[in-house]
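The lines below spell out each chain.
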Amino acid sequence: MSDKCNEGFYKEAENSEHSLTFKNIELHENNKNKINYKQFYRSLADNLKSRMLNFTSSHVSSSSDTSNKYAEFIQLLEVLNPQKWPLEVDILYGERAIKQLSNIFKINERESVRGFREYIDNKSVIPDNLKPLTRAVNTLVVSTAEC
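Below, the structure is looked at part by part. Predicted, not measured: the structure shown is a model, and the values here were computed from it.

Within the chain, the secondary structure is distributed over six helices and two strands. In sequence order, the secondary structure elements of the chain are arranged as α-β-β-α-α-α-α-α. Counting all 147 residues of the chain, 20% fall into the buried class. Sequence separation of 24 or more characterises 43% of the internal contacts of the chain that already satisfy a separation of 6 or more. Surface accessibility of the chain: about 11900 Å² in total, with carbon and sulfur atoms responsible for 52%.

Encoded structure:
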């Protein structure tokens, strides 16, 4: 397991296991109901996978159709990267992509577009009204990374 996985909640759980306390509550060993770790992690992975973006429709979809949808999604995300912007950016640049991303992530479309316009003017600071969208996008990277 990588060092990143040892941080946060994992470390807290590990400490609780060793001290037999969790949030000032005494824990007791229970030999009857041991957790099947392989089953637990498989279930956790399956649940995370089911919550990821799904580019296939409810009916059978071809792999090329899925690849195209994924490529289109990646293209939408590139609008948030100033290094991918054209040299001359007009006022409407990226608006369609920001609206689509806002709809995908169920985030306020109007606020995201306003924030993106501010971001175009000042690339060094992500405006507060664009942060919900950037957080959602950044969550994808964390959610799909292997620990």
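Nonpolar side chains tend to gather and get buried jointly when the protein is soluble and globular. Ranked by size, the top nonpolar core spans 20 residues in total, and within it Leu80, Ile98, Leu101, Phe105, Phe116 and Leu133 carry the most contacts. Contributing elements (two or more residues each) for this core: helix H3 (63-77), helix H4 (95-105), helix H5 (109-121) and helix H6 (131-144). Ignoring sequence-local partners within four residues, the contact set of Leu80 consists of Ile98, Leu101, Phe116, Tyr119, Leu130, Thr134 and Val137.

Here Asn129 lies in the loop between H5 and H6. Setting aside residues up to four positions removed in sequence, Asn129 forms contacts with Glu111, Ser112, Arg114, Gly115 and Glu118.

Attention shifts here to H4. Taken as a whole, H4 has its buried residues at Glu95, Ala97, Ile98, Leu101, Ser102 and Phe105. One face of H4 carries all of its buried residues, which in axial projection span an arc of 160°. Just past H4, the residue Lys106 takes up positive phi, approximately 60°.

A separate point is the packing of aromatic side chains. Under the counting rule described, the total for this entry stands at six aromatic pairs. Pairing Phe73 with Phe105 gives two aromatic rings, centres 6.4 Å apart and planes at 55°, and the pair type is tilted. Placement of the pair is Phe73 in helix H3 and Phe105 in helix H4, with a sequence separation of 32 residues. Residue classification places Phe105 among the buried residues on the basis of a relative accessible area of 16%. Judged by centre distance (5.6 Å) and plane angle (85°), the ring pair of Trp85 and Tyr119 falls under edge-to-face. Pair noted here: Trp85 is in the loop between H3 and H4 and Tyr119 is in helix H5, with a separation of 34 residues, a long-range link.

Here the focus is a nonpolar patch on the surface. A cluster of nonpolar side chains, Tyr10, Ile35, Tyr37, Phe40, Tyr41, Leu44 and Leu48, forms an exposed patch at the surface whose accessible area comes to about 700 Å². Tallying contributions element by element places helix H2 (residues 37-51) first for the nonpolar patch, with five residues. When you line up the elements, Ile35 lands in the loop between strand E2 (25-26) and H2.

Before going further, it helps to examine the side chain of Ser112. By the secondary structure assignment, Ser112 is in helix H5. Beyond its immediate stretch of four places on either side in the chain, Ser112 contacts Ile98, Ser102, Ile107, Asn129, Leu130 and Leu133.

So, about the pattern of salt bridges. Applying the stated criterion across every chain yields a total of six salt bridges. The partner of Glu95 in a salt bridge is Lys99, and the shortest N-O contact between them spans 3.2 Å. You can see Glu95 and its partner Lys99 sitting in helix H4, four residues apart, about one turn around the helix. For Lys99, a relative accessible area of 31% corresponds to the partly exposed category. The residue Glu95 makes a salt bridge to Arg117 at a minimum N-O spacing of 2.5 Å. One end of the pair, Glu95, is in helix H4; the other, Arg117, is in helix H5, and 22 residues separate them in sequence. A residue is classified by how much of its surface remains accessible, and Glu95, at 16% relative accessible area, is buried.

Analysis parameters
- Residues numbered from 1 in each chain as written.
- Predicted model: local features only at pLDDT ≥ 70, side-chain atom pairs only at ≥ 80, totals over all residues.
- Heavy atoms only, no water.
- Helix = DSSP H or I, 4+ residues; strand = E, 2+ residues; numbered from the N terminus.
- Buried < 20%, exposed > 50% of the residue type's maximum accessible area, 1.4 Å probe, protein only.
- Contact = heavy atoms within 4.5 Å.
- Areas by Shrake-Rupley, 256 points an atom, 1.4 Å probe, with all protein chains shown as cover.
- Core = buried A, V, L, I, M, F, W, Y, C linked by side-chain atoms within 4.5 Å.
- Arc of directions from axis to C-beta.
- Phe/Tyr/Trp six-rings, centres within 6.5 Å; stacked < 30°, edge-to-face > 60°.
- Patch = residues over 30% accessible without salt bridge, like charges linked within 9 Å, V, L, I, M, F, W, Y side chains within 5 Å.
- Salt bridge = Lys/Arg side-chain N within 4 Å of Asp/Glu carboxyl O.

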